[in-house]
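The residues making up each chain are set out below.
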Amino acid sequence: MVRYVDPLADIGDALLSVEMPARYSGGEYGRLAKKDAVLRMLVAFPDLYEIGMSNQAFRILYNRLNGIPGISCDRAFAPAADFERLLREKGLPLYGLDTGISAGHTHVLMFTLGYELGITEVLAMLDVSSIPVHSEERKEEDPVVIMGGCCVSNPLPYAAFADAFWIGEAEAGFFELASDLLELKKKGEGRGALLEKIACHPSVWVRGKKKAVRAVDTAFASRPPLPAVFPVAGMRVVQQHGAVEIMRGCPNGCRFCHAGFWYRPMRQKPLDVVIREAETFVEQGGYREISLYSLSSGDYRHIDALAASLDRRFSGRHISFQLPSLRISGFSLSLLEKISRVRKSGLTFAVETPSDEWQDSINKRVPLDDVSAILCEAKKNGWRGAKFYFMVGLPPAGDGEAPLIADFIAGIGRRTGTRCTVSLGIFVPKPHTPYQWADQMDPEEARRRCEYIRARLLPLGHKVNMPDPLTSVIEGILSRGDTGAGTLIEEAFRSGCRFDAWSEHLRRDIWTDILSRHEENVRAWLRPGGPPEDGDPGPEAGRKESAWSCVDPLALPGYLGAECSRSAAGELTSPCMNNCSHPCGICGKDQRIVENIIHNDTFSYEQDPSPKFPPVLSGRSAPDGKDGPGTSRIVFMYGKTGTAVFHSHLDMVEIFSMALIRARVPVVFTAGFNPLQKIEFVSPLPVGIAGLNETAAVDTEYFCRAADFAGSMNAVLPAGIRIGAARNYFIRTGEKKHSLSSLHWGGVYRKKGRACDDEVRISDEKTYRSGAALEGLTNLDLVRTAVFARGVHGEKAPYFDVYGALYGETPVQ
């Protein structure tokens, strides 16, 4: 029998003992997984909810798989230490947030590994779900465990833990493979048949298979809009914005960049597809910030036309856009002005290395003069601050690296008067790049260089963010290690290591001990001795094949070695283009560079234009019987029950803010640098306490029927949150605007399940437990049945009555 977990019934009050219980309660708007599907899948992200819900690979898998009839793909995230302990104490497995299904009772369990240091969490998620950590120990009743993501471009360090590895992009065959697995389940086939089918795919690597070929999505630039909008997070996450991928791959060939080589060739989405996906994130997701992301957004052809179209379409709706990963060569302040009218933050420059000679060697030019000119112009236009990224230990950099980085930033400060934030990283060589055989810098030398830079720049008023050399060592081992690296991973996991990517959770003593006991292997993985003279490594080059030779990245033999030689000579390689003079071998019969093409440079996307506020809610500037200018305000009651009780007040603000956009409510925004919606909540509930008639208000740009407002909002609110009664009020200009909080009297509480005559009426919210009827109860035992305002004489009165007395309820016709 399939096991399901209900957080309220199976965990209950204990969930209040963990930090941020909304991570584990589910109920978000836009859930797609369903129970009783033929093929049960679950995509697991080996980090916290607020990290994983921002991951686009995770969201693509979830949205696309749930779009296949007969397949249910639930989702789960790594449990924080307190919740992992709680699950173990209660004998509960990790479960999907949509349906509650146990991870161990799925047919296929997928892990997307975007950062090598998440691997100990993969093991923890398997173990807490009673799934054997070693693939060879799994039985027929266990799920098939698949790992994917850019980190498995070298799968050997993780080979003992996964049954199979998907190599490359999921859109290039994985969903078709899932459909094949569905057909097998319809025939009653078990785990063995599923695994056999998976292993046969050319882009799947399993132990014993000689080579897997990287999957490339050849339809990326021709596919109709398929934004991965759902589900919408129920709490604020690290990157609280919709993400539209405008381009995959990068034409620039930065020799240190794993993603740049792994995602070749460059493919650009058509401009109209980008705009429609952005619209979907706004209208169906409720996002006010949209990131137009890629590895190098400035290389998107006609990026100015895209920015102009987005500006015309969304600027009046308080929607802002971000363009991360802009190279200096594609940098345009006018471009940034167009996409950043709503809010302006700082500018970011990934310089990597300071000298012109070294920049040529890594194939990335970021001249000091160009950066200074951009910053001088930016300050005149209201841009604030600048952030810089540098890497220490890149192969061309010598002993003078640290002084030159410090001189670069000091020069920026002198020329522009800018106080900079400098984030330092330590270069980790990656497989399938020109530096795949480079030695990784000794951690103590890296620490010395970073400390020198900080000591030079702090007195000048610059901020310096320091890297962790130990983290870089672990990353280096997992990037280029072989199956022996899996031994270190398991030792760390068994010793209690979790969330190694988080400095506050990294168990330095444990990892230092493990590294010292495997010193010889660690040295070999981090310092392999340099590239062979004839290009790519192999037995003919006098060395054994690399650990990652089981993966075919589609590049020509010798290409990466040739690029390494060009680096040593300080030679630039021109950007990728069709029919280029330096073919890497990836473009060919099936793959090619695809650029966005529009028919003239004055393109403007005006088809099917959206009005400033789509007329879902009919409106007038003032209601009938109310003359003159003023404020239209809707006061409404709502319930907060079920798993919604685990949302904090800040969660509720975010939930309602995004729902207002989805419902197309013409809400009023504040003025200033960061406009916010004018919505107010009365006396926020503590986490865990249910509310039956909570009170809130929203100001609208024009009159909207309260009943229409409630209906539109209820269609787009998450589970457990529903609006009940709502009333219209009109506050004329010049009348005092009474906030709900200024009128607040108190609330009425009772124990869940008790009759109304057991209610305790409390005017001071901080003492709601003082009544004898509520002593000894937890928040999860309590429900607030109503909140009240103060009447004219200070008496308790319903908010509708008090507001009606102050302003008169607006008549609705």
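Bear in mind that the values here come from a model prediction, so they are computed numbers and not experimental data.

A. Inspection of the overall build of the chain at higher detail. Looking only at helices and strands, the chain features 23 helices and 27 strands. Burial status across the chain gives 59% buried among its 813 residues. Within the chain, contacts between residues at least 6 apart in sequence are counted, and of these 79% link residues at least 24 apart.

B. Structural detail: unusual backbone geometry. In this structure, P231 follows F230 across a cis peptide bond, with omega equal to -10 degrees. Among the secondary structure elements, P231 is positioned in the loop between β7 (212-213) and β8 (242-245). Across the junction of R264 and P265, the peptide omega takes the value 0 degrees, indicating a cis bond. In this structure, P265 sits in the loop between α8 (258-262) and β10 (267-268). One non-glycine residue, H318, lies in the positive phi region at around 60 degrees. With a phi angle near 75 degrees, E352 is a residue other than glycine that sits in the positive phi range. Mapped onto the elements, E352 comes out in strand β13 (residues 347-352). For E352, a relative accessible area of 8% puts it in the buried group.

C. Representation of the side chain of S657 in the model. Within the secondary structure, S657 is located in helix α21 (residues 649-662). For S657, a relative accessible area of 13% gives the class buried. A distance of 2.9 Å separates a polar atom in the side chain of S657 from a polar atom in the side chain of Q677.

D. Geometry of the packing of helix α5 (residues 119-128) against helix α17 (residues 484-494). Where α5 meets α17, the closest approach of the two axes is 9 Å, and the angle between their N-to-C directions is 60 degrees. Comparing the axis directions of α5 and α17 gives the class oblique. Crossing angle aside, the handedness with which α5 passes α17 is right-handed. Note on element contacts: α17 touches α5 through I489, E490, A492, F493 and R494, opposite I119, T120, L123, A124 and D127. Of the residues contributing to the contact of α5 with α17, the split by class is six nonpolar, one polar and three charged.

E. A look at the sheet that holds strand β14 (residues 386-392). Read across the open sheet, the four strands follow the order β13-β14-β15-β16; overall the sheet is parallel. The outermost strands of the open sheet, each flanked by one partner alone, are β13 and β16 (463-465). Between one strand axis and the next, the sheet turns through 20 degrees on average, direction left out of account. Taken together, the three bridges between strand β15 (residues 420-426) and β16 define a ladder with parallel strand orientation. Across the sheet, residue V422 finds its bridge partner in β16, namely V464. Its contacts with the sheet place helix α15 (residues 443-457) against β14, β15 and β16, and it is angled at close to 175 degrees to β15.

F. Region of the structure containing the sheet that holds β8. Spatial strand order, β8-β11-β12: three strands in an open sheet with parallel pairing. Two strands bound the open sheet, and with one partner strand each, they are β8 and β12 (320-322). Averaged over all adjacent pairs, the angle separating strand axes in this sheet is 25 degrees, with direction ignored. Here four bridges tie β8 to strand β11 (residues 289-293), and the two strands are oriented parallel to one another. Pairing of A243 across the sheet is with S291, part of β11. Sheet strands touched by helix α9 (residues 271-285): β8, β11 and β12. Its angle to β8, the strand with the most contacts, is close to 165 degrees.

G. Up close: the nonpolar core. Counting 117 residues, the largest nonpolar core has M41, Y158 and F174 as the members making the most contacts within it. Setting aside chain neighbours within four positions, we find Y158 in contact with L113, E116, I119, M147, C151, V152, F165, L478 and I489. By size, the runner-up hydrophobic cluster in this structure holds 61 residues, among which are V665, F669, L717 and I721.

H. Layout of the environment of V792. Relative to the assigned elements, V792 resides in the loop between β26 (782-790) and β27 (796-797). By relative accessible area, which is 72% here, V792 ends up exposed. Between the C-alpha atom of V792 and that of L743, which follows or precedes it by 49 residues, the distance is 9.9 Å.

I. Just helix α7 (residues 191-199), in detail. Restricting attention to buried positions, one finds in α7 the residues R191, L194 and I198. Taken around the axis of α7, the buried residues stretch over an arc of 65 degrees, which confines them to a single face.

J. Seen up close, the pattern of salt bridges. Going through the model one piece at a time under the given rule, you end up with 45 salt bridges. The salt bridge partner of R88 is D127, with a shortest N-O separation of 3.0 Å. Highlighted residues: R88 in helix α4 (residues 81-90) and D127 in helix α5, separated in sequence by 39 residues. A residue is classified by how much of its surface remains accessible, and R88, at 38% relative accessible area, is partly exposed. A residue is classified by how much of its surface remains accessible, and D127, at 27% relative accessible area, is partly exposed. Across the salt bridge formed by E283 and R317, the nearest N and O atoms sit 3.8 Å from each other. Of this pair, E283 sits in helix α9 while R317 sits in the loop between α10 (303-314) and β12, and the two are 34 residues apart along the sequence. For the pair shown, E283 and R317 are each scored as buried. Connected through shared salt-bridge partners, E169, E171, E245, R248 and R267 make up one network.

K. Geometry of the packing of aromatic side chains. Using the criterion set out here, one finds 25 aromatic pairs in the structure. Aromatic pair W745 and F788: ring centres 6.4 Å apart, planes at 80 degrees, arrangement edge-to-face. In this pair, W745 sits in strand β24 (residues 744-751) while F788 sits in strand β26, placing the two residues 43 residues apart along the sequence. Comparing W745 with F788 shows no difference in burial state: the two are buried. The structure contains a cluster of three or more aromatic residues connected by ring pairs, namely F636, Y638, F656, F681 and F709. If you follow K35 out to its NZ or CZ, it ends over the ring of Y4, 4.4 Å from the centre. Directly above the aromatic system of F220 lies the positively charged group of R267, at a separation of 5.9 Å from the ring centroid.

L. Molecular detail of the confidence of the model for the chain. Considering every residue of the chain, the mean pLDDT works out to 90; 89% of them sit at 70 or more. A low-confidence stretch, residues 537-542 stays under pLDDT 50, and its non-local contacts, those more than four residues away or across chains, total eleven contacts. Taken together, the stretch residues 764-772 has pLDDT below 50 and engages in 23 contacts with residues farther than four places along the chain or on a different chain.

Conventions used here
Residues numbered from 1 in each chain as written. Predicted model: local features only at pLDDT ≥ 70, side-chain atom pairs only at ≥ 80, totals over all residues. Heavy atoms only, no water. Helix = DSSP H or I, 4+ residues; strand = E, 2+ residues; numbered from the N terminus. Buried < 20%, exposed > 50% of the residue type's maximum accessible area, 1.4 Å probe, protein only. Contact = heavy atoms within 4.5 Å. Polar contact = N/O pair within 3.5 Å; in protein donor to acceptor, adjacent residues only side chain to side chain. Axes fitted to C-alpha atoms, helices over the stretch in contact; angles between N-to-C directions. Parallel < 35°, antiparallel > 145°, perpendicular 65-115°, else oblique. Left-handed = near helix turned anticlockwise from the far one by under 90°. Nonpolar A, V, L, I, M, F, W, Y, C, P; charged D, E, K, R; others polar. Pairing = 2+ DSSP bridges. Core = buried A, V, L, I, M, F, W, Y, C linked by side-chain atoms within 4.5 Å. Arc of directions from axis to C-beta. Salt bridge = Lys/Arg side-chain N within 4 Å of Asp/Glu carboxyl O. Phe/Tyr/Trp six-rings, centres within 6.5 Å; stacked < 30°, edge-to-face > 60°. Lys NZ or Arg CZ within 6 Å of the ring centre and 35° of its normal. pLDDT = per-residue confidence, 0-100.

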